[in-house]
Amino acid sequence: MIRAFVSGMRIHVVQFSRNPFDLSGVFLWPILYASIAYYLLDAKNDPRLLLAASLGAAVMLMWSLVVIGSSNALENQRWLGTLELLVAAPVPFAVVIAPICVASGFVGGYGIAATLAWGRLIYHVPLSIDHPVAFAVALPACILAIGMLGLVMASTFVLYRAALSLGIALQYPVWIATGLLVPLSTLPAFVRWIGWFLGPYWGFRAIRESALGSAPWPDIGMCIAVSAAYFVVGTLCLRVFVRVARARGSLKLT
Amino acid sequence: MNDLCRTYRTHVGIVRRRRTDVQALGGISFEVGRGELFGLLGPNGAGKTTTIKILTTLLLPSSGSARVLGFDPAREAGEVRRRVGHVFGGDRGLYDRLSALDNLRYFADLYRVPVREKRARIESLLELVGLKGRERERVETYSRGMRQRLHIARGLLHDPEVLFLDEPTIGLDPVGAREVRETIGGLRDQGKTILLTTHYMYEADELCQRLAVIAGGVFVATGTPAELKARVLDRTVIEIEAFGVSEAVLERLRALPGVISVSTEQRDQAEVVLVQSSVGSELTHALLRELEGTTLGKVIAREPTLEDAYVELVQTA
């Protein structure tokens, strides 16, 4: 199963890297997000706020890359006619789908690094990290939390043909509910509750606290906890939704 | 398979949604012995692919039951998946931007091919399907025939006991189709159990030990190719190349004494009227008389083929 997982990640990264259009997006988006962080918050005179804004923009980009990357990859499986073959494979379907989401998460990890690097290069955003060790742990924890949320989303993509449209539609609600786009304090209380169930919320907190705060480890722990919960929920959803798709006969539909 | 049924449900309309049920399989039953190459013959939409998808765990039947090597594909999908291989016809089902080697490596890992055997297995399959030397090229540069052979290699990666081939030569040029048929023949000779669907008669005749003709989701005949052909051996087939024959004229032909069936088919630019009649009845003059005023080409009288048996079976279903 580990071999199928690693092989799946490799194949999806290679497949992704061979599409010039997708690749150009991955190079251009970090510049765009770094610019948003710089101009939107108008925090030029507050280096720590500027860094916080850059980190927020980087996590926003990461979520976009994961949700769009995994939904696009799933929709591609339908168009390529490989979805049925993946379902018919003897390994559990979660082991087939999870690498797609985690591979997108790694591309998202690159997105974080690239956004911060461009912010530093173009806008001189300071990169002073208060807890480097915690930051080094927070980053993969954030990738895992967002990647596993992608797995839960991917289970619905198996059921619905318009996976990419659904993925695009999910970008903004998660940005808003996790406080990446506007501060949660400006939103109704129930939105904060929703944020607590979302990986990007804890991922952003873990990264921000390790870079600027005092106590990053509880948030890193929450990243791991929600990742485990997502994996369980995603696996169960995949099992149920694949059975529904087999009953409906919708696996080969494009 | 025992009385297997499958119904698809579709919805029409946005505000007032109407539900339509389409029956793809209407209760089919058959058995395939170990080491046998069994063919499912039928026109488009007859239920061939639905049958294969149920047996390969991709679809659940609406009713009835199936067993593959003793396992139920609906409830014991994992056991079935480990033991069967599935090959589609057509262009899809491969990662186009990857090489054939990358495709095979990935599917070998998904199909749990042991690490120690993986390399040798891929090498021997590339040899078997004639892709040795081209395995590092991207699949998007492959011809349709090469893709089809790669599909077969993929389906054989985990050395399945049973192989399902769903129209494996569809859309291939004659040379490519012959190469694929040779590969399938080789697998049959190795003792693999194979279920093949096709609508090419000569393919079924050449490869299959037994056949079932399926139309409208039900079996209309089963037997060896020779047994199916024997159903029409008491007939003569007259082929008349004609242009613009109306349905009224065809009805008049059908009404002639001694005529068993009349059908038409398109061959290149010409329309061909196929008339099956009892052996001994001399119908050519009567047929030509009825076709007076129609532009005619060649007229040929010949013995019936498996295709004639198939057309007869499907038309009377």
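Being a predicted model, the structure only gives us computed values, none of them experimental.

**Observations concerning the pairing of strand S11 (residues 259-267) of chain B**
Residue and element names in this part refer to chain B.
Point 1. In this sheet, strand S12 (residues 270-278) lies alongside S11 in antiparallel orientation, the contact comprising eight bridges. Within S12, the position partnered with Glu265 by the bridge is Val272.
Point 2. In textbook terms, the turn of a hairpin is the stretch between consecutive antiparallel strands, and for S11 and S12 this stretch comprises two residues, one of which, Asp268, has a positive phi near 50 degrees.

**Let's talk about the interface of chain B and chain A**
Point 1. Every contact between the two is made by 24 residues of chain B and, on the other side, 23 residues of chain A.
Point 2. Residue assignment for the side of chain B that touches chain A shows that the elements contributing at least two residues are helix H2 (77-83), strand S5 (84-88) and helix H3 (100-110) of chain B.
Point 3. When residues of the side of chain B that touches chain A are assigned to their parent elements, the largest contribution, five residues, is made by H3 of chain B.
Point 4. Looking at the side of chain B that touches chain A residue by residue, the classes come out as ten nonpolar, five polar and nine charged.

**A word on the sheet that holds strand S6 (residues 162-166) of chain B**
Residue and element names in this part refer to chain B.
Point 1. Spatially, six strands are ordered S5-S6-S7-S3-S8-S9 in an open sheet, and the strand pairing comes out mixed. Whereas interior strands pair on both sides, the edge strands pair on one side only; in this sheet they are S5 and strand S9 (218-223). Neighbour-to-neighbour, the strand axes of the sheet open up by a mean angle of 15 degrees, direction not taken into account.
Point 2. Of the strand pairs in this sheet, strand S3 (residues 37-41) and strand S8 (residues 210-215) are connected by four bridges, and their pairing is parallel.

**Quick look at the domain arrangement of chain B**
Residue and element names in this part refer to chain B.
Point 1. Under the domain assignment, chain B is made up of domain 1 (29-224) and domain 2 (231-316).
Point 2. Here the C-alpha centroids of domain 1 and domain 2 sit 36 Å apart.
Point 3. Taken together, the contacts link nine residues of domain 1 with six residues of domain 2.
Point 4. When residues of the side of domain 1 that touches domain 2 are traced back to their parent elements, those giving at least two are helix H7 (201-207), S8 and S9.
Point 5. Taken together, the residues of the side of domain 1 that touches domain 2 break down into eight nonpolar, no polar and one charged.

**A closer look at the sheet that holds strand S13 (residues 295-302) of chain B**
Residue and element names in this part refer to chain B.
Point 1. Taken together, four strands build an open sheet; the order of strands is S11-S12-S10-S13 and the sheet is antiparallel. Where the open sheet ends on each side, the last strands, each with one partner, are S11 and S13. Each strand of the sheet is rotated relative to its neighbour by a mean of 20 degrees, with strand direction disregarded.
Point 2. Across the sheet, helix H9 (residues 247-254) lies against S11 and S12, angled at about 145 degrees from S11, the strand it touches most.
Point 3. Most of the contacts of helix H11 (residues 306-316) go to S11, to which it runs at about 110 degrees, and overall it touches strand S10 (235-243), S11 and S12.

**Focus on the confidence of the model for chain A**
Point 1. Looking at chain A as a whole, its pLDDT mean stands at 83, while 97% of the residues score no less than 70.
Point 2. The secondary structure element of chain A with the lowest average pLDDT is helix H2 (residues 20-40) of chain A, at 76, and the one with the highest is helix H10 (residues 217-248) of chain A, at 90.

**Some thoughts on the environment of Glu161 of chain B**
All names here are of chain B.
Point 1. Assignment of secondary structure puts Glu161 in the loop between helix H5 (144-156) and S6.
Point 2. A count of 16 C-beta atoms within 10 Å places Glu161 in the partly exposed class.
Point 3. C-alpha separation for the pair Glu161 and Val129, spaced 32 residues apart in sequence, amounts to 18 Å.
Point 4. When near neighbours in sequence (up to four residues on either side) are disregarded, Glu161 contacts Leu69, Arg83 and Thr193.

**Section: unusual backbone geometry**
In terms of backbone geometry, most residues other than glycine have negative phi values and most peptide bonds are trans.
Residue and element names in this part refer to chain B.
Point 1. Here the phi dihedral of Thr57 falls at roughly 75 degrees; this positive angle occurs in a residue that is not glycine.
Point 2. Note that Thr57 resides in the loop between helix H1 (48-55) and strand S4 (63-65).
Point 3. Phi is positive for Asp159, which is not a glycine, with a value near 50 degrees.
Point 4. Positionally, Asp159 belongs in the loop between H5 and S6.
Point 5. For Asp159, a count of 13 C-beta atoms within 10 Å gives the class partly exposed.

**As for the nonpolar core**
Generally speaking, soluble globular proteins have nonpolar side chains that are buried together.
Point 1. Counting 154 residues, the largest nonpolar core has Val59, Cys142 and Ala145 of chain A together with Val213 of chain B as its most contacted members.
Point 2. At 18 residues, the largest contribution of residues to this core is made by helix H3 (residues 47-80) of chain A.
Point 3. Mapped onto the domain boundaries, this core takes at least three residues apiece from domain 1 (29-224) and domain 2 (231-316) of chain B.
Point 4. Contact partners of Ala145 of chain A, with chain neighbours within four places excluded, come to Gly199, Trp202, Gly203, Cys223, Val226 and Ser227 of chain A.
Point 5. Counting residues in hydrophobic clusters, the runner-up holds six residues, among them Val245, Val262, Val273 and Val275 of chain B.

Cut-offs and rules
- Residues numbered from 1 in each chain as written.
- Chains lettered and ligands numbered in written order.
- Predicted model: local features only at pLDDT ≥ 70, side-chain atom pairs only at ≥ 80, totals over all residues.
- Pairing = 2+ DSSP bridges.
- Helix = DSSP H or I, 4+ residues; strand = E, 2+ residues; numbered from the N terminus.
- Contact = placed C-beta atoms within 7 Å.
- Nonpolar A, V, L, I, M, F, W, Y, C, P; charged D, E, K, R; others polar.
- Axes fitted to C-alpha atoms, helices over the stretch in contact; angles between N-to-C directions.
- Domains from an automatic or database assignment.
- pLDDT = per-residue confidence, 0-100.
- Buried ≥ 20, exposed ≤ 12 C-beta atoms within 10 Å, placed from the backbone.
- Core = buried A, V, L, I, M, F, W, Y, C linked by C-beta atoms within 7 Å.

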